[in-house]
Amino acid sequence: MSKTLNTGIKNARNVHSYLYGFGQLGELQNLLNARRVGDAPVVYFIDHYFQANGLPEYLNPDSSRDLILFVDSSHEPKTQQVNSLRDEVLERTSCLPCAIVGLGGGTTMDIAKAVSNLLTNGGSAEEYQGWDLVKKPGIYKVGIPTISGTGAESTRTCVMTNPTSGLKLGMNSDYTVFDQIILDPELTATVPPSQYFYTGMDAYIHCMESANGSYRNAIGDAFGEQALSLCRKVFLSDNMASDESRARLMTASYLGGCAIATSYVGLVHPFSAGLSVVLDVHHCIGNCIVMRAMEEFYPEGFREFWSMAARQGIAIPKGVCDNLTDEQFQQLYRSTVIHEKPLTNALGTGFRDLLPFDKVVSLFRKM
Ligand code: NAD
Ligand code: ZN
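Residues numbered from 1 in each chain as written. Chains lettered and ligands numbered in written order. Predicted model: local features only at pLDDT ≥ 70, side-chain atom pairs only at ≥ 80, totals over all residues. Heavy atoms only, no water.

Engineer: What am I meant to see in the coordination of the zinc ion (ligand 2) here?
Structural biologist: Ideal donor angles around a metal are set by the shape: a four-donor tetrahedron calls for 109.5 degrees, a six-donor octahedron for 90 or 180 degrees. Surrounding the zinc ion (ligand 2) are the protein donor atoms D202 (OD), D202 (OD), H206 (NE2), H269 (NE2) and H283 (NE2), at 2.1 to 2.7 Å. Every donor residue of the zinc ion (ligand 2) comes from the same chain, spaced as D-x3-H-x62-H-x13-H. In this pair, H206 is assigned in helix α5 (residues 193-211) and H269 in helix α8 (residues 268-279), connecting sequence segments 63 residues apart. Like H269, H206 is buried. (Donors = N, O, S within 2.8 Å, 3.2 Å for Na, K, Ca; no water. Helix = DSSP H or I, 4+ residues; strand = E, 2+ residues; numbered from the N terminus. Buried < 20%, exposed > 50% of the residue type's maximum accessible area, 1.4 Å probe, protein only.)

In structure tokens:
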């Protein structure tokens, strides 16, 4: 590994307030009542799982005055989806909401963050993809994860794709950070095992990549080490989804998100972004697929990842890059090596020499 580099991140922002513990969702209405002014409604973005299976106990939204919008998380967020949800909120409410609640996984929480920013800043989602482009605080926003791993509850971004430009990039801004989060491990009890593993591994992989990188920050390292230790306890245990494991993974996800505020990912995320842009593979399962090709870069992480998957009996898809055309491999190459910061973090400034086209193709072929 090359010498330690300064991340360049000077002033890190974390979530303002958090509630933690089984049953803490019951505090939500008290928090929201403290924000109510006149007729301003609360707008809820809720993962569609809870439309089909009933709302979580203790949620109790006031449907006579508030607006509930269910989010179809079978697709990751798109810019025009965020714009049309913003329009729907404006059409269906008489004034700006007093609060936005995002209850779900990374998809739903990111949509809540993005709509909150758009409602006060005007314009469209595409205009804010980048760094520090959001100029005003958004609507007061509450994040409530129902699946653990991405850290979307604690980061300063909300990832979305602009299908027209092919750009997959979030609104990276201090204003994107939730004002309040509720970490209630009761909510993750219903997540199917494979999805639980794929999303949970996002926390492990983020921190494993950072720990092996050259850009370092002592606070980021400390958050990341603790998140890794919790992930090991969860995924090397007999039951990754016990109450204790779910509480640990929710904590790891939060800490992993805090770690990312002052660090960078490495090789896995750029390759996973390639799979996402070219083959529409979702973020967390994409990272797991990329781990098939990571032995030479992260030998310890590779061994640990595969022992965790075996321990939990989780199958990782294989052969996603079989039968691709030359043009598709060109696209995969371009959408991977574009991620300069994380690749520099992993391989140094000469990363392009270490990742020529043929090498990148051979790695994708292992997936
Ligand atoms: P998700 O929101 O995409 O949901 C995955 C699946 O889990 C969905 O089918 C959903 O219905 C289901 N689900 C969620 N909670 C459930 C529950 N309690 N019971 C049963 N099913 C449940 O999941 P994710 O993996 O958390 O999020 C992925 C998204 O997060 C991607 O769009 C990715 O780009 C984004 N992301 C954001 C950040 C960030 O910092 N903002 C970081 C990493 C990833
Ligand atoms: Zn990730």
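There's plenty left to go through after this.
Engineer: Whenever I open this one, the packing of aromatic side chains confuses me. Can you help?
Structural biologist: What describes a pair of aromatic rings is the distance from one ring centre to the other and the angle between the planes of the rings. Tallied over the entire structure, the rule returns 10 aromatic pairs. Plain terms: the ring middles of F271 and F364 are 5.1 Å apart, the flat faces sit at 50° to each other, and that makes the pair tilted. Of this pair, F271 sits in helix α8 while F364 is found in helix α14 (residues 357-365), placing the two residues 93 residues apart along the sequence. We classify F364 as buried; its relative accessible area is 1%. Positioned above the aromatic ring of Y140 is the side chain of R35, whose terminal nitrogen or guanidinium carbon lies 3.9 Å from the ring centre. (Phe/Tyr/Trp six-rings, centres within 6.5 Å; stacked < 30°, edge-to-face > 60°. Lys NZ or Arg CZ within 6 Å of the ring centre and 35° of its normal.)

Engineer: Please clarify how the site of ligand 1 should be interpreted in this entry.
Structural biologist: Around ligand 1, the structure places 27 residues, and the nearest of them are D47, T107, T155, T190 and T199. In the environment of ligand 1, an oxygen atom lies 2.7 Å from a nitrogen or oxygen atom belonging to the side chain of D47. The contact in question runs from an oxygen atom of ligand 1 to an N or O atom on the side chain of S73, over 3.2 Å. Burial of ligand 1 by the protein chains amounts to 92% of its free accessible area of 880 Å². Considered class by class, the residues forming the shell around ligand 1 number 10 nonpolar, 13 polar and four charged. (Near = heavy atom within 4 Å. Polar contact = N/O pair within 3.5 Å; in protein donor to acceptor, adjacent residues only side chain to side chain. Areas by Shrake-Rupley, 256 points an atom, 1.4 Å probe, with all protein chains shown as cover. Nonpolar A, V, L, I, M, F, W, Y, C, P; charged D, E, K, R; others polar.)

Engineer: Where do I start with the packing of helix α6 (residues 218-235) against helix α7 (residues 243-260) in this structure?
Structural biologist: Packed helices, taken two at a time, are described by the angle their axes make and the gap between the axes. Here α6 crosses α7 at 155°, and the two axes come no closer than 8 Å. In terms of their interaxial angle, α6 and α7 are classed as roughly antiparallel. The handedness of the crossing between α6 and α7 is left-handed. Contacts from G220, F223, G224, Q226, A227, L230, C231, K233, V234 and F235 in α6 reach S245, R248, L249, T251, A252, L255, G256, C258 and A259 in α7. When its residues are assigned to classes, the contact of α6 with α7 shows 11 nonpolar, six polar and two charged. (Axes fitted to C-alpha atoms, helices over the stretch in contact; angles between N-to-C directions. Parallel < 35°, antiparallel > 145°, perpendicular 65-115°, else oblique. Left-handed = near helix turned anticlockwise from the far one by under 90°. Contact = heavy atoms within 4.5 Å.)

Engineer: Before we go on, may I ask you to explain the side chain of K141 in this structure?
Structural biologist: Take K141: it is sitting in strand β7 (residues 141-145). Buried within the structure, K141 lacks any salt-bridge partner; its nearest side chain of opposite charge belongs to D179, at an N-O separation of 4.8 Å. For K141, the residues in contact, after removing those within four places along its chain, are I100, K113, S116, N117, Y175, T176, V177, F178, D179 and Q180. (Lys, Arg positive; Asp, Glu negative; His and termini not counted. Salt bridge = Lys/Arg side-chain N within 4 Å of Asp/Glu carboxyl O.)

Engineer: What's the story with the nonpolar core in this structure? I'm lost.
Structural biologist: The nonpolar side chains of a soluble globular protein tend to be buried with one another. Core analysis: the largest hydrophobic core is formed by 66 residues, its most contacted members being F197, F235, F271 and M294. Here this core gathers at least three residues from each of two domains, domain 1 (17-188) and domain 2 (193-365). The contacts of F235, once residues within four sequence positions are left out, are Y196, F197, G200, M201, M240, L249, M308, R311 and Q312. (Core = buried A, V, L, I, M, F, W, Y, C linked by side-chain atoms within 4.5 Å. Domains from an automatic or database assignment.)

Engineer: Can you walk me through the side chain of T199 in this structure?
Structural biologist: Structurally, T199 is set in helix α5. Apart from residues lying up to four places away in sequence, T199 is in contact with I147, S148, G149, T150 and C284.

Engineer: Please explain unusual backbone geometry as it appears in this structure.
Structural biologist: Negative phi values dominate among residues other than glycine, just as trans dominates among peptide bonds. One non-glycine residue with positive phi stands out, namely Y58, at about 80°. Structurally, Y58 is set in the loop between α2 (49-53) and β4 (67-71). Residue N323 is not a glycine yet carries a positive backbone phi of 65°. Note that N323 resides in the loop between α10 (299-312) and α11 (326-337).

Engineer: Would you mind going over the pairing of strand β11 (residues 180-183) with me for this structure?
Structural biologist: Strand residues, when the strand is regular, have side chains that alternate between the two faces of the sheet. Side chains of β11 alternate between two faces, with Q180 and I182 and I181 and L183 buried alike. Strand direction decides the pairing type here: strand β2 (residues 17-20) and β11, joined by four bridges, are parallel. Looking at the pairing, L19 lines up with I182 of β11. Bridge count for β7 against β11 is two bridges, and the pairing is parallel. The residue of β11 that forms the bridge with V142 is Q180. (Pairing = 2+ DSSP bridges.)

Engineer: Please explain the pattern of salt bridges as it appears in this structure.
Structural biologist: Two side chains bearing opposite charge may form a pair once their charged atoms approach each other closely. Tallied over the full model, the rule gives 15 salt bridges. Measuring nitrogen to oxygen at the nearest pair gives 2.8 Å for the salt bridge that ties R86 to D87. Overall, the relative accessible area of 32% leaves D87 in the partly exposed class. A salt bridge links R334 to E327, with the nearest nitrogen and oxygen atoms 3.6 Å apart.

Engineer: Any chance you could explain the domain arrangement of the protein chain here in plain terms?
Structural biologist: In many analyses, interface size is given as the accessible surface area lost on bringing the parts together. Domains assigned within the protein chain are domain 1 (17-188) and domain 2 (193-365). The C-alpha centroid of domain 2 is placed 25 Å from the C-alpha centroid of domain 1. Contacts between the two partners involve 24 residues from domain 1, matched on the other side by 22 residues from domain 2. Regarding the contact of domain 1 and domain 2, the summed buried area is about 1,900 Å², with carbon and sulfur atoms giving 61% of it. The set of elements that each furnish at least two residues to the side of domain 1 that touches domain 2 consists of β2 and β11. Counted by class, the side of domain 1 that touches domain 2 contains eight nonpolar, 11 polar and five charged residues. (Buried area = accessible area lost by both parts, 1.4 Å probe.)

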